[in-house]
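Notes for the structure review
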Amino acid sequence: MEFVERIKAKAAEEIKTIVLPEAAEERNIKAANQIIKEGFAKLVLIGNPDQIHHLASEYYLDEIGKATIVDPENNPKKEEYVELMLKLRASKGLTREQAEKLIVDPLYLAALMVKNGDVDGEVAGANNATGDVLRPAFQYVKTLPGISVVSGAFIMLIPDTMFGEHGMMVFADCAVHPNPTAEELAQIAVMTGRTARVIAGIEPRIAMLSFSTKGSAKNEMVDKVVSATLLAQQMDPTLMIDGELQADAAIVPGIGAKKAPGSKIAGKANVLVFPTLEVGNIAYKLVQRMAHAEAIGPILQGMAAPINDLSRGCSVEDIVNLVAITACQAGGMK
Ligand SMILES: CC(C)(COP(=O)(O)OP(=O)(O)OC[C@H]1O[C@@H](n2cnc3c(N)ncnc32)[C@H](O)[C@@H]1OP(=O)(O)O)[C@@H](O)C(=O)NCCC(=O)NCCS
Ligand SMILES: CC(=O)OP(=O)(O)O
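Residues numbered from 1 in each chain as written. Chains lettered and ligands numbered in written order. Predicted model: local features only at pLDDT ≥ 70, side-chain atom pairs only at ≥ 80, totals over all residues. Heavy atoms only, no water.

1. Notes on the overall build of the protein
Helix and strand counts for the protein come out as 14 helices and eleven strands. Since a compact globule built from 334 residues should have a radius of gyration of about 20 Å, the 21 Å found for the protein is in line with a globular shape. Projected onto its principal axes, the C-alpha positions of the protein cover 65 × 45 × 30 Å. Residue burial in the protein is summarised as follows: out of 334 residues, 56% are buried. In the form shown here, the protein has an accessible surface area of approximately 14500 Å², with 53% of it arising from carbon and sulfur atoms. Within the protein, one finds 33 positive and 41 negative side-chain charges whose respective centroids are separated by 5 Å. (Helix = DSSP H or I, 4+ residues; strand = E, 2+ residues; numbered from the N terminus. Rg over C-alpha atoms; globule rule 2.2 N^0.38 Å. Buried < 20%, exposed > 50% of the residue type's maximum accessible area, 1.4 Å probe, protein only. Areas by Shrake-Rupley, 256 points an atom, 1.4 Å probe, with all protein chains shown as cover. Lys, Arg positive; Asp, Glu negative; His and termini not counted. Charge placed at Lys NZ, Arg CZ, Asp CG, Glu CD.)

2. Some points on the pattern of salt bridges
Scanning the model with the defined rule gives 16 salt bridges in all. Residue Arg-27 pairs with Glu-25 through a salt bridge whose shortest N-O separation is 2.8 Å. This pair shows no difference in class: Arg-27 is buried, exactly as Glu-25 is. The salt bridge partner of Asp-248 is Lys-259, with a shortest N-O separation of 3.1 Å. With Asp-248 in helix 11 (residues 247-251) and Lys-259 in helix 12 (residues 253-259), this pair connects stretches of sequence that are eleven residues apart. Accessibility expressed as a relative area gives 29% for Asp-248, which makes it partly exposed. Classification of Lys-259 as partly exposed rests on a relative accessible area of 31%. Through salt bridges with shared partners, a single ionic network connects Lys-77, Glu-80 and Asp-118. (Salt bridge = Lys/Arg side-chain N within 4 Å of Asp/Glu carboxyl O.)

3. So, a nonpolar patch on the surface
Residues Ile-282, Leu-286 and Met-290 make up a contiguous nonpolar surface patch of roughly 330 Å² in combined accessible area. In this structure, Ile-282 sits in helix 13 (residues 277-290). Residue classification places Ile-282 among the partly exposed positions, given a relative accessible area of 48%. (Patch = residues over 30% accessible without salt bridge, like charges linked within 9 Å, V, L, I, M, F, W, Y side chains within 5 Å.)

4. A word on empty space enclosed by the protein
Overall, the coordinates contain one cavity of 30 Å³ or more when judged by the stated rule. Each pocket or cavity is described by its volume, and for the largest cavity that value is around 60 Å³. Elements with a minimum of two residues in the lining of the largest cavity: helix 13 and strand 10 (294-301). Classifying every residue of the lining of the largest cavity gives five nonpolar, four polar and one charged. (1 Å grid on protein atoms, 1.4 Å probe; cavity = no way out; pocket = protein on both sides within 12 Å on 5 of 7 lines; lining within 4 Å. Points joined across faces, edges and corners; volume = space filled by probe spheres on them. Nonpolar A, V, L, I, M, F, W, Y, C, P; charged D, E, K, R; others polar.)

5. Some thoughts on the packing of aromatic side chains
Under the criterion given, the structure shown has three aromatic pairs. Just above the ring of Tyr-140 sits the side chain of Arg-89; from NZ or CZ to the centre is 5.8 Å. (Phe/Tyr/Trp six-rings, centres within 6.5 Å; stacked < 30°, edge-to-face > 60°. Lys NZ or Arg CZ within 6 Å of the ring centre and 35° of its normal.)

6. Section: the site of ligand 2
As a matter of local geometry, ligand 2 sits amid Thr-130, Phe-154, Asn-281, Tyr-284, Lys-285, Pro-298, Ser-311 and Arg-312. Here Asn-281 contributes a side-chain N or O atom positioned 2.9 Å from an oxygen atom of ligand 2. One of the side-chain nitrogen or oxygen atoms of Ser-311 is found 2.7 Å away from an oxygen atom of ligand 2. Counting residues per element, the shell around ligand 2 draws most heavily on helix 13, which supplies three residues. Per-class residue counts for the shell around ligand 2 are three nonpolar, three polar and two charged. (Near = heavy atom within 4 Å. Polar contact = N/O pair within 3.5 Å; in protein donor to acceptor, adjacent residues only side chain to side chain.)

7. A few points about the pairing of strand 7 (residues 205-209)
In terms of burial, strand 7 is largely enclosed, as five of its five residues are buried. Judged by which residues are buried, strand 7 turns out to be covered on both faces: Arg-205, Ala-207 and Leu-209 on one side and Ile-206 and Met-208 on the other are all buried. Relative to strand 8 (residues 240-245), strand 7 runs parallel, the two sharing five bridges. Among the inter-strand pairings, Arg-205 is bridged to a residue of strand 8, identified as Met-240. Once the chain exits strand 7 it traverses helix 10 (residues 220-235) before rejoining the sheet at strand 8, and the crossover so formed is right-handed. (Pairing = 2+ DSSP bridges. Right-handed = clockwise from strand over helix to strand, strands pointing away.)

8. Here we look at the sheet that holds strand 6 (residues 168-172)
Ordered in space as 8-7-9-6-5-10, the six strands form an open sheet in which the pairing is mixed. Strand pairing shows two members of the sheet lacking a second neighbour, strand 8 and strand 10, which therefore form its edges. Taken pair by pair, the neighbouring strands of this sheet meet at an average axis angle of 20°, ignoring direction. Relative to strand 9 (residues 271-273), strand 6 is paired through three bridges, and the arrangement is parallel. Note that in strand 9 the partner of Phe-171 across the bridge is Leu-272. Running at roughly 35° to strand 10, helix 14 (residues 316-330) makes contact with strand 5 (151-157) and strand 10 of the sheet. (Axes fitted to C-alpha atoms, helices over the stretch in contact; angles between N-to-C directions. Contact = heavy atoms within 4.5 Å.)

9. Overview of the sheet that holds strand 4 (residues 121-124)
The parallel open sheet is built from five strands, whose spatial order is 3-2-1-4-11. Whereas interior strands pair on both sides, the edge strands pair on one side only; in this sheet they are strand 3 (68-70) and strand 11 (307-309). On average, adjacent strands in this sheet sit at an angle of 20° to one another, irrespective of strand direction. Most of the contacts of helix 14 go to strand 4, to which it runs at about 160°, and overall it touches strand 1 (17-20), strand 2 (42-46), strand 4 and strand 11.

Printed below as a string of structure tokens:
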């Protein structure tokens, strides 16, 4: 079974409720209709009900009536969420007046719904920049115990290639943490290995990427990747991790054998960990656009509850796929 079909079938085994805070938008509403029709998740749509119904009738989206619509301007749970916000962040200086303003923002409302257990997960980002999606999630939903840094992975499905796992690769961090320390990069590598195992369903072979292979260049940026590799190997000895490797040494067998003889990962990597967000975000977009890869994500790694971001360049299908992954995470696939 193909990856996307497998994820949808898994989500359908235990139906979860996912909130879409950008529902009054064409791609979101079309995706919502498709998800309800396919039946692998229940949906809560945040937005102006008139706008949502108008879009649904404009595009003949017959299933939208089966979703729960929450109007942020007229939300019966507003007071309950404001109290929760104050309980969680009054100590950080949040005032009642600020909380009452924030809870009308669909991205804050969605994060509070997740925190309050009213929904099982959230998908947003088609209409909002990543930072704006992440901030309410970081403030209210927080990270898993023991995780200090959230990162974003993409499952890349690259057509007509044998790179990675028959064209499937996992890339991270492509979305969240601009300039990780060695310790943070090690955490990102370990979390990405787990995403590859649990969500992509592959046994990870993780390459810690750099512009140097096994000491071919000397620079503090290379030193960071070397330290991160050692730390990641210690953090999870069950994972196969090697570095520092250049991208060609990581994925091309002949070059891997030449530049990193004896490495179990070189030439065979199916997980690529980038040294900074700058590199990861540029690399995933180039592979997506130039190699016509499907880029599923960013799947946020290390959140205490499933909240996932989208690229503003996403398609309807991208939203559908990420909702399926979010529902699987809510079902315990983390
Ligand atoms: C994620 C991001 C928005 C956080 O920036 P910020 O709001 O300035 O962060 P702050 O330092 O004020 O932190 C806000 C909260 O988030 C937490 N946080 C920040 N980065 C975090 C991370 N990577 N993992 C976990 N928590 C994080 C902070 O601990 C803080 O929590 P607190 O308020 O309870 O103390 C910022 O790092 C960012 O914009 N990243 C790039 C996103 C992006 O544009 N990606 C490219 C497109 S996908
Ligand atoms: C993941 C990402 O790059 O998001 P956007 O394209 O919205 O900035």
